[in-house]
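Understanding the architecture of this molecule
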Amino acid sequence: MKIRHVLLSIVGMCLLMSGCAQPPAEQINAAEQAVREAQQSGAATYVANDYAKVEGLLAAMKTEVAEQESKFALLRDYGKAEQLAASAKAEAERVKADAAKKTEEAKFAATQAHQAAQASVASTMDLVAKAPAGKDRAALESIKADADALKASLNDVQMMLDKADYLGAETKAKAIQQKADAVSHEIETALAKIGKGKTVAKRK
Amino acid sequence: MRARIPSVASSLRCVWALALWGSLVGCVETVPPEMVEAIESLDRDLLHLRAAEVAPGEYASFVHRWVTLRTRVEAEEDTIRWPWEPNDLEAALRQLQAEGARTVARLTEQQDAERRAAARQLAEVEGDAQALASQVRSIDSRLILAEKPVETDLLLKQARAFYEQGRYDQSLQASGHASRHLAAQSALLQRELGRYANPDRIAEWQRMARDTIEWSRTHHTAAIVVSKAERSLTLYRGGQKVLSYPVRLGFNGIKEKRYQGDGATPEGRYRIAGKRGRGQTQYYRALLLDYPNQEDRRQFVNDRKKGRIPAFRSIGGQIEIHGVDNELMAQTLGCVMLENPQMAMLFDRVDNGTPVTIVGALVEHNSVARALANLSPRRDEV
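Residues numbered from 1 in each chain as written. Chains lettered and ligands numbered in written order. Predicted model: local features only at pLDDT ≥ 70, side-chain atom pairs only at ≥ 80, totals over all residues.

Moving on: the overall build of chain B. Check the secondary structure of chain B and you find 11 helices and eight strands. Here chain B holds 382 residues, and the buried ones make up 40% of them. For chain B, long-range pairs separated by at least 24 residues make up 69% of all intrachain contacts whose partners lie at least 6 apart in sequence. (Helix = DSSP H or I, 4+ residues; strand = E, 2+ residues; numbered from the N terminus. Buried ≥ 20, exposed ≤ 12 C-beta atoms within 10 Å, placed from the backbone. Contact = placed C-beta atoms within 7 Å.)

Shown next as structure tokens:
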């Protein structure tokens, strides 16, 4: 009789212990936090595919937790959810590090492109100042307007850099540089043709 | 009787044979490795197609299922199954493979369509930009557009760069933006130069020219008519055309003159207020006009009141019909310029007080009106 009581107690304890299985809240929170941090580090922009995979892991973990929660309390097992949470956290941390690296690379490339564009525009402005007040005044004024517009566009690049839109900034800076070089070439061709002219001030 | 009873050895042989058969036929892998490889390949294809960006929900679902199933594949790697045993893992993988393949096919098609749309739009907008630039060049109206052509050019360069990087959505966005810039430029030209296509305004200019010619006829003297759109100067004497020369205008000559330094050539009825011969002008010879006249002053005051003219600008003056001193100085800021031999001919045939009427255009189908007609109607905005 005594033995039967002891056995029943042991079985009851086991059932109680297994019935108390709870979702791994700490690991889940840690995984979610890591994914958030990865997202904030620009992962969605600079390592979009890897980040999507991390989100996939997180979604898989949530589905697993929900599946276990839908089961009878005594049959729940959160082991797999824990594994997924650990994988999601580890991947998110890796992706965050990658994103930080890629962001730095993109920032560097954009800054370089911005500097190159600034140099090109400055060179264009210098040439505009030297441009002859020759026969085609309309063309000269057009070139001046182009150079002024290019100078103004450099501010847009700076704003993009400030907003951490490095890909957009790099593309725009390169476009500005191309255009500035084209305008410079146009002026150089004109200078080569007719030489330097004198400046004239006249009331009209 | 004894012979019918199988020996222990033969029984063992049977068991061994059954075990061998079982290991050869029944020992099947849970999941064929080629299926796993196929799904991994689909995953790579999806990454290449930037599925995470273009179909984030679909890709997340694929990844989620793949992660779950791969965990099971790894867990069941060493499991031996009987061939007749149901294999739900393989069935799930097969389903994922089929769905993944469908997604890859759909995204490939979608990306192709996007690439084609981006290429088409970019080509159209680049074509529009070239057409606009060509029309603008034909009527010397580039300056009216100020910084806008450069902004458009930069957008098109960006669109081209995005296209080459395979970022078709961003390319479409940039070329769409460029297209709207072109429409704004077109509208600005219509607003600034629409008078060249306005029949009432042209009729008024024709009347001004007729009056000038009539004055020449009735007074048996010289009179000059300058048409800005036609870039021509015509000298009349006794109402008869004596000579006609091509002219160059100010660097912004096609516009209506509003203030000093705007590069525009004024329109109106003027008279020669002074003749400047050799040594009196830096432009070979010059005929000074009485700009600004009363009407110009009234218009200037009106425009300033309406805020159309910056406060620091004055009305200007020294508008002349002049020649070219030398090639390097061959510029004009708002005057009417002739080649020197033609200037010499004209100079000798006019006097102080000779009427000079400057009009926008003398015919309805003038160069500016034609250019504006070519700009409108433009293709619908992208």
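In this section: unusual backbone geometry. All names here are of chain B. Each neighbour pair has its own omega, and for Tyr-291 with Pro-292 the value is 0 degrees, a cis peptide bond. Examined against the element boundaries, Pro-292 turns out to sit in the loop between strand S5 (286–289) and helix H9 (294–305). A positive phi angle, near 50 degrees, is found at His-220, a position not held by glycine. Mapped onto the elements, His-220 comes out in the loop between helix H8 (199–219) and strand S1 (222–227). With 9 C-beta atoms packed within 10 Å, His-220 lands in the exposed category. At Tyr-284, a residue that is not glycine, the phi angle is positive and equals roughly 70 degrees. Tracing the backbone shows Tyr-284 in the loop between strand S4 (268–276) and S5.

Time to look at the pairing of strand S2 (residues 232–237) of chain B. All names here are of chain B. Examined bridge by bridge, S1 and S2 share six bridges and lie antiparallel to one another. When the sheet's bridge partners are listed, Val-226 is paired in S2 with Leu-233. Hairpin connection from S1 to S2: four residues lie between these consecutive antiparallel strands, with Arg-231 at a positive phi of about 50 degrees. Between S2 and strand S3 (residues 240–246), which pair antiparallel in sequence order, lie two residues; one of them, Gly-238, sits at a positive phi of approximately 60 degrees. (Pairing = 2+ DSSP bridges.)

All names here are of chain B. Taken in spatial order, the eight strands make up an open sheet running S3-S2-S1-S8-S4-S5-S6-S7, and their pairing is mixed. Each having just a single partner strand, S3 and strand S7 (336–337) make up the two edges of the open sheet. Inspection of the sheet shows S2 paired to S3 by six bridges, in the antiparallel sense. Considered in S3, the bridge of Thr-234 is made with Ser-244. The strands that H8 touches are S1, S2, S4 and strand S8 (355–359); relative to S8, the one it contacts most, it runs at about 165 degrees. (Axes fitted to C-alpha atoms, helices over the stretch in contact; angles between N-to-C directions.)

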